Amino acid sequence: MSSNRSVVGKNLQKVDGFKLVTGRPAFTDDIHIPGLLYGKILPSPYAHARIKRIDTSKAKALPGVHAVLTYKDVPRVPHTTAGQSWPEPSPYDTYLLDSKMRFVGDRVAAVAAESRAIAEEALRLIEVEYEVLPTILEIEQAMVEGAPVIHDEPDSKGIHDAQHNLAGYILKEIGDVEEGFRESDLVIEREFRTQRQQHCPLEPHITISWLDSDDRLVIRTSTQVPYHTRRQVAMILQIPVQRVHVVKPRIGGGFGGKQEMLLEDICGALALATRRPVKIEYTREEEFYMARSRHPQILNIKMGVKRDGTLMANKMTVLATTGAYGSHANTVQGNTGSKVLPIYRTANMRFECHVVYTNTPVAGAFRGYGCPQGYFAQESVMDEIAYTLGMDPVELRKKDMIRLGDIDELSAQLGEGRKGLPRHIRSCGLPECLERGAAAIDWVRKREEYAVASISDRRSGGQRPPLHEPGGHLRRGVGVACSMQGSGIAGVDWAAALLKLNEDGSFNLQFGAADLGTGADTVLAQIAAETLGVTLDKMIVCSGDTDFTPFDVGAYASSTTIISGGAVKKASEKVRDHLLRLASKMLDVPVENLTCRDNQVVTKCECEKSVSMENLAHFAMYKEKVQVMENASHWNTDSPPPFCAQFAEVEVDTETGHIRVIHLVTAVDLGVAINPMQAEGQSEGASAQGLGYGLTEELVLDGSGRAVNPSFLDYKMLGAKDMPKLTTILVETDEPLGPYGAKSISEIPINAPAPAVANAIFHAIGVRFRKLPIRPEDVLRTLREKESASPQRR
């Protein structure tokens, strides 16, 4: 699809690759600032408490301490930490510093000192007397009549029902689900539970702030949302936006956790108080419970089908917790419905969700943004439907899946974007994803070879032979799961780009998009280079700086390639048109007979004439006396979904419960791959996180709301030796709304590894798991319970 292109569709080296692999200064902390102070935050030791008395006099008297801030010293401005477009859809329920603590780790005070050790000693010297309040730690407790009210402050805004700890509520329906269930031959209803997952970026949250020579607050920070951060900090600190300059260097991993304004406000407040540079960096332990995590959910899903597998109704009811504050509360959970239910066609869909406050670490944006929870439930039930009907799970999905030309009406009511904008499916490679993925894992043969039970066994209740019979204690199975995502937020996300020709024929490309390790700078530069007919080395990229780049909403919602790339392509086309007009003068050839390629403008006819970009630049600057420079903005009224089919092969040890994923195949429709190698890297990284979500990762809290495993030793992520064979298949389609046909890829492969593995486990041992993560002890306990209840043991 991209064979006739010279830059797009090619595996070109990252534009920032050399400085990263050679260890040159690139990240937030790779800077030396004279007079730097170290900031630290005093975390609340209680999940729910009110400050009765706080005395900072001893801390302030400690030599080397330059500032100690409490709620008494800073403006009280309700806000959200969610990095979203204004007006943010999240509640304004958070304060720079407050007198009430709502989770273990909430901010009590902040200090700035000459060294980290002095800052930590100052924290120990702060005397705090708390009134400890009753806590809510479990999701089901939050709305019980008489439960403690977590947000009883009068000045918060946008909370759905504070008295019942309800941060948000969603109810949307198309058609009539109850009528659909009445028309169904089979109805299956199940409950699923998902856990807290932490982002675990290699680089924790870090911010350095100082006042420049013009008395402006400079914030150098590891963020996905520079422009949103600038707006939020200005509002919280009550200073003009023009006095805030946000700089985003390279980011050592974000995964959605840095679509959040977590340290920039308090670091800025300390810089203003001391008039010295201040750095705050979370320790690894603090990153676990003071940053953000994935929203835990309890999902009830009910699906009705005809005997031939035709889906008649799909109903999902979700109870989720946002933790102590409502960051991304409604939008994440809205995605659990809007990007999950419509992948299978039915006229009857209903989604209802209560999002509650609890006295637990705050949840927020995380790669997949509500979809991994929903797909775990829906894909598990789809597999159960196929098993009950005696259908191949792949064939059932082919029968019911969304198709090219369909209109997703649910998204018009439920999506993150402007309401009333239904999603049109203009490109869809899901059928090919299923075909190629099934072939790659040898689906047909292995389904038969690893079969859980014969058809006669299924009809008699699906009982398995005793585990000691053929196959021994190691059982294998294969499973499949499908998913879709989005590409930007329709009608909301937008971006701008600026392109300038230099006199040597190179180009300055400036955009506000935030490359968080995803290769965005490279992909956007490839789009510009392709449009201008130049090689990638001619592009000089400047990104993520609010003083020197035009506006961009930031890196989230899988928007960068399609939204920021759209702006870059428009600006590049305007520059190209300008170059062709100049070349027409130089070559005395009509514009329509000229084109750009190989770092020059050439004629299309046989009598070839050409002018290099360098000579053209000299002609423009010194003869015509004009700067070739253009800018453009871009936004979409739709969010084209990428599609994905993932196949897992597992081996389960029935003596220990150990689950080994042998092979994970990911076939993904990403539109056109701008840089295929980078796309494969994104797919594999997301798949690894999805496997961890399914099998090992969970931030566990004790009975007081304190994290018990806030370290890489105790929080179990999959290591290199744990990873299966990964096969990534890029299925290219041509998306009309994307630059050169591109859609997104960075999020979608995280959605379906968990259900694919769960379905493969069922195929292997005949047991379904509806709670994540699926641990060996869960497998072993369930197998023993099953064996003790089987007729052979009675």
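Below: a short report on this structure. (Residues numbered from 1 in each chain as written. Predicted model: local features only at pLDDT ≥ 70, side-chain atom pairs only at ≥ 80, totals over all residues. Heavy atoms only, no water.)

Structural notes on the sheet that holds strand S24 (residues 610-612)
Okay, so step 1: With antiparallel pairing, the three strands of this open sheet are ordered in space as S22-S23-S24. With partners counted over all chains shown, the strands left at the sheet margins are strand S22 (594-597) and S24, one partner each. Recorded for the sheet is a direction-independent mean angle of 20 degrees between the axes of neighbouring strands.
Okay, so step 2: As paired elements, S22 and strand S23 (residues 600-603) share four bridges and run antiparallel to each other. Within the sheet, the bridge partner assigned to Leu594 lies in S23 and is Thr603. (Pairing = 2+ DSSP bridges. Helix = DSSP H or I, 4+ residues; strand = E, 2+ residues; numbered from the N terminus. Axes fitted to C-alpha atoms, helices over the stretch in contact; angles between N-to-C directions.)

Points about the packing of aromatic side chains
Note on aromatic pairs: each is described by the distance of the centres and the angle between the planes.
Okay, so step 1: As enumerated under the stated definition, the model contains nine aromatic pairs in all.
Okay, so step 2: By the ring-pair criterion, three or more aromatic residues cluster together here, those being Tyr227, Trp494 and Phe551.
Okay, so step 3: We note Arg76 situated over the ring of Tyr95; from NZ or CZ to the ring centre the distance is 3.9 Å.
Okay, so step 4: Over the face of the ring belonging to Phe366 we find Arg294, whose NZ or CZ atom lies 4.0 Å from the ring centre. (Phe/Tyr/Trp six-rings, centres within 6.5 Å; stacked < 30°, edge-to-face > 60°. Lys NZ or Arg CZ within 6 Å of the ring centre and 35° of its normal.)

Observations concerning a nonpolar patch on the surface
Okay, so step 1: The grouping of Leu202, Phe712 and Met717 at the surface amounts to a nonpolar patch, some 310 Å² of accessible area in total.
Okay, so step 2: Inspection of the secondary structure assignment puts Met717 in the loop between helix H18 (676-695) and strand S28 (725-732). (Patch = residues over 30% accessible without salt bridge, like charges linked within 9 Å, V, L, I, M, F, W, Y side chains within 5 Å. Areas by Shrake-Rupley, 256 points an atom, 1.4 Å probe, with all protein chains shown as cover. Salt bridge = Lys/Arg side-chain N within 4 Å of Asp/Glu carboxyl O.)

Observations regarding the environment of Glu189
Okay, so step 1: Among the structural elements, Glu189 can be located in strand S8 (residues 186-193).
Okay, so step 2: When the C-alpha positions of Glu189 and Asn314 are compared, they lie 9.9 Å apart, and in sequence the two are 125 residues distant.
Okay, so step 3: If sequence neighbours within four positions are ignored, Glu189 has contacts with Asn300, Ile301 and Lys302.
Okay, so step 4: In terms of polar contacts, Glu189 uses its side chain to reach the side chain of Asn300, at 3.4 Å. (Contact = heavy atoms within 4.5 Å. Polar contact = N/O pair within 3.5 Å; in protein donor to acceptor, adjacent residues only side chain to side chain.)

Digging into the packing of H18 against helix H19 (residues 753-765)
Okay, so step 1: Contact geometry of H18 with H19 gives a least axis separation of 7 Å together with a crossing angle of 55 degrees. As judged from the angle between their axes, H18 and H19 are oblique. The handedness of the crossing between H18 and H19 comes out as right-handed. Counted together, Ser687, Gly690, Leu691, Tyr693, Gly694 and Leu695 of H18 and Pro753, Ala754 and Val757 of H19 form the full contact between these two elements.
Okay, so step 2: Along the lines of polarity and charge, the residues of the contact of H18 with H19 split into six nonpolar, three polar and no charged. (Parallel < 35°, antiparallel > 145°, perpendicular 65-115°, else oblique. Left-handed = near helix turned anticlockwise from the far one by under 90°. Nonpolar A, V, L, I, M, F, W, Y, C, P; charged D, E, K, R; others polar.)

Here's the deal with unusual backbone geometry
Okay, so step 1: Omega for the peptide link from Trp86 to Pro87 comes to -5 degrees, which places this bond in the cis form.
Okay, so step 2: With respect to the element layout, Pro87 can be found in the loop between strand S3 (65-69) and strand S4 (100-101).
Okay, so step 3: Residue Leu772 is joined to Pro773 through a cis peptide bond whose omega torsion reads -5 degrees.
Okay, so step 4: Even without glycine at this site, Arg275 takes up a positive phi of about 55 degrees.
Okay, so step 5: Mapped onto the elements, Arg275 comes out in the loop between helix H6 (264-274) and strand S12 (278-281).
Okay, so step 6: The exposure class assigned to Arg275 is exposed, which follows from its relative accessible area of 54%.
Okay, so step 7: The backbone of Lys625 sits at a positive phi, close to 55 degrees, despite the residue not being glycine.
Okay, so step 8: Along the chain, Lys625 falls in the loop between helix H17 (613-623) and strand S25 (629-635). (Buried < 20%, exposed > 50% of the residue type's maximum accessible area, 1.4 Å probe, protein only.)

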